[in-house]
Amino acid sequence: MEKSLVGKTAVVTGSNSGIGLGVARSLAAQGATVVLNSYTDDDADHALAADMAREFDTTVTYIAADMSKADDCRALIEKAGACDILVNNAGIQHVAPIDEFPTAKWDAIIAINMSSAFHTTAVALPMMRAAGWGRVVNIASAHGLTASPYKSAYVAAKHGIVGLTKVTALETAKEPITANAICPGYVLTPLVESQIPDTAKKYGMTEEEAKEKVILERQPSKAFATVEQIGGTAVFLCSDSAEQITGTTISVDGGWTAL
Ligand code: NAD
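We now turn to the structure provided with this report. (Residues numbered from 1 in each chain as written. Predicted model: local features only at pLDDT ≥ 70, side-chain atom pairs only at ≥ 80, totals over all residues. Heavy atoms only, no water.)

Along the backbone of the protein chain there are eight helices and seven strands. Dimensions along the principal axes, computed over C-alpha positions, put the protein chain at roughly 55 × 35 × 35 Å. Considering only contacts within the protein chain whose residues lie at least 6 apart along the sequence, 74% involve residues at least 24 apart. Total accessible area on the protein chain is roughly 12,100 Å²; 54% of this is exposed by carbon and sulfur atoms. In the protein chain, 20 positive and 29 negative side-chain charges are present, and the distance between their average locations comes to 4 Å. (Helix = DSSP H or I, 4+ residues; strand = E, 2+ residues; numbered from the N terminus. Contact = heavy atoms within 4.5 Å. Areas by Shrake-Rupley, 256 points an atom, 1.4 Å probe, with all protein chains shown as cover. Lys, Arg positive; Asp, Glu negative; His and termini not counted. Charge placed at Lys NZ, Arg CZ, Asp CG, Glu CD.)

Structure representation (structure tokens):
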């Protein structure tokens, strides 16, 4: 089958693990040149890029940049040199009641999960305009549309990135550029997977029960989404069929937000 993204350059923030890595792999599989990113600059990060380049027969590089810092966010896009597809994915979590929520955690979550997307988008849009084509794909969350207690910063940042997505779409509405947010429910990433045994132990359940009754409590399908499904959704948003899809959210949440 013909690869649909040959000649396009994709920058995926926070892509040395989890959803970002899955999305990067899906874009590379379609022939896109991919820039991977995280805040570390280890041999393993560069090896990941080299392996992906070999696997998908495309160009993959790794650029270290800390998405909690405005200048790093902007430098990432500048160093990439081109950015036809921008996937704002980097994110962290902290869980605590509002009156106990550490200020430093609030600031870090707002910076990484939301403000980074403003800075990368600001530098990427002129590149997209010059190239005459662009796609902004923001990885929000079901928590960009609904709330849970104890996740104040995360829910605020994810609602914020949904708002930023709409503004980006309106400012580019007459151009061949779209901006959308993917809102995943629970996705089976290494981080989530590692929580299953502890959750089972804590509630005195089998791992299967802990998955269904605790972790996937709010996900009616009682199944995790996969990083491949999020990657497939991003590829769809980059396709010609999605040309008139802009400023919206696509939930990949097993029915969570239908409740
Ligand atoms: P993850 O921890 O596996 O991946 C997060 C990525 O962000 C990693 O590559 C990490 O290195 C990177 N990162 C963290 N801090 C960074 C920083 N300061 N600068 C640059 N990179 C940084 O988690 P994930 O589950 O893959 O999450 C990815 C995104 O998907 C996040 O925005 C998260 O909120 C969102 N999300 C995840 C789920 C889920 O169930 N896993 C559900 C909805 C939304």
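Here the structure, examined in full by the defined rule, presents one aromatic pair. Each ring, one from tyrosine 186 and one from tryptophan 256, has its centre 5.7 Å from the other, and the planes form 20°; the classification is stacked. Placement of the pair is tyrosine 186 in the loop between strand S6 (177-184) and helix H6 (190-203) and tryptophan 256 in the segment after strand S7 (249-252), with a sequence separation of 70 residues. On the basis of relative accessible area, tyrosine 186 is assigned to the partly exposed category, the value being 24%. Sitting over the ring of tryptophan 133, lysine 8 keeps its end group 4.2 Å from the ring centre. (Phe/Tyr/Trp six-rings, centres within 6.5 Å; stacked < 30°, edge-to-face > 60°. Buried < 20%, exposed > 50% of the residue type's maximum accessible area, 1.4 Å probe, protein only. Lys NZ or Arg CZ within 6 Å of the ring centre and 35° of its normal.)

Its identity as a non-glycine residue notwithstanding, aspartate 57 has a phi of 55°, on the positive side. Unusually for a residue other than glycine, lysine 222 sits at a positive phi of about 55°. Note that lysine 222 resides in the loop between helix H7 (207-215) and helix H8 (227-237).

Here we come to the site of the ligand. Around the ligand sit 29 residues, and of these Asn16, Ile19, Ser38, Asn89 and Tyr154 come closest. In this structure, glycine 14 approaches the ligand through a main-chain N or O atom, which is 3.2 Å from an oxygen atom. Here an oxygen atom of the ligand and a backbone polar atom of valine 187 are 2.8 Å apart. Bound to the protein, the ligand loses 89% of the 820 Å² it would expose on its own. Elements that contribute at least two residues to the shell around the ligand include exactly helix H1 (18-29), strand S2 (33-38) and helix H5 (152-171). Split by residue class, the shell around the ligand holds 14 nonpolar, 13 polar and two charged. (Near = heavy atom within 4 Å. Polar contact = N/O pair within 3.5 Å; in protein donor to acceptor, adjacent residues only side chain to side chain. Nonpolar A, V, L, I, M, F, W, Y, C, P; charged D, E, K, R; others polar.)

A complete count under the given rule lists five salt bridges for this structure. The partner of arginine 54 in a salt bridge is aspartate 51, with the nearest N and O atoms 2.6 Å apart. Separated by three residues within a single helix, arginine 54 and aspartate 51 lie in helix H2 (residues 43-56), roughly one turn from each other. On the basis of relative accessibility, which here comes to 62%, the residue arginine 54 falls in the exposed class. Lysine 211 serves as the salt-bridge partner of glutamate 208, at 3.3 Å between the closest nitrogen and oxygen. Remark: lysine 211 and glutamate 208 occur in helix H7; sequence separation between them is three residues, near one turn of the helix. Taking the relative accessible area as the measure of exposure, lysine 211 reaches 23% and is therefore partly exposed. (Salt bridge = Lys/Arg side-chain N within 4 Å of Asp/Glu carboxyl O.)

Contact geometry of helix H3 (residues 70-80) with helix H4 (residues 103-131) gives a least axis separation of 8 Å together with a crossing angle of 30°. Classified by the interaxial angle, the pair formed by H3 and H4 is roughly parallel. Along this stretch, H3 crosses H4, giving a crossing that reads as right-handed. Of the residues in H4, those in contact with Ala70, Cys73, Arg74, Ile77 and Glu78 of H3 are Ser116, Phe118, His119, Thr120, Ala122, Val123, Ala124 and Met127. Classifying every residue of the contact of H3 with H4 by side-chain character gives eight nonpolar, three polar and two charged. (Axes fitted to C-alpha atoms, helices over the stretch in contact; angles between N-to-C directions. Parallel < 35°, antiparallel > 145°, perpendicular 65-115°, else oblique. Left-handed = near helix turned anticlockwise from the far one by under 90°.)

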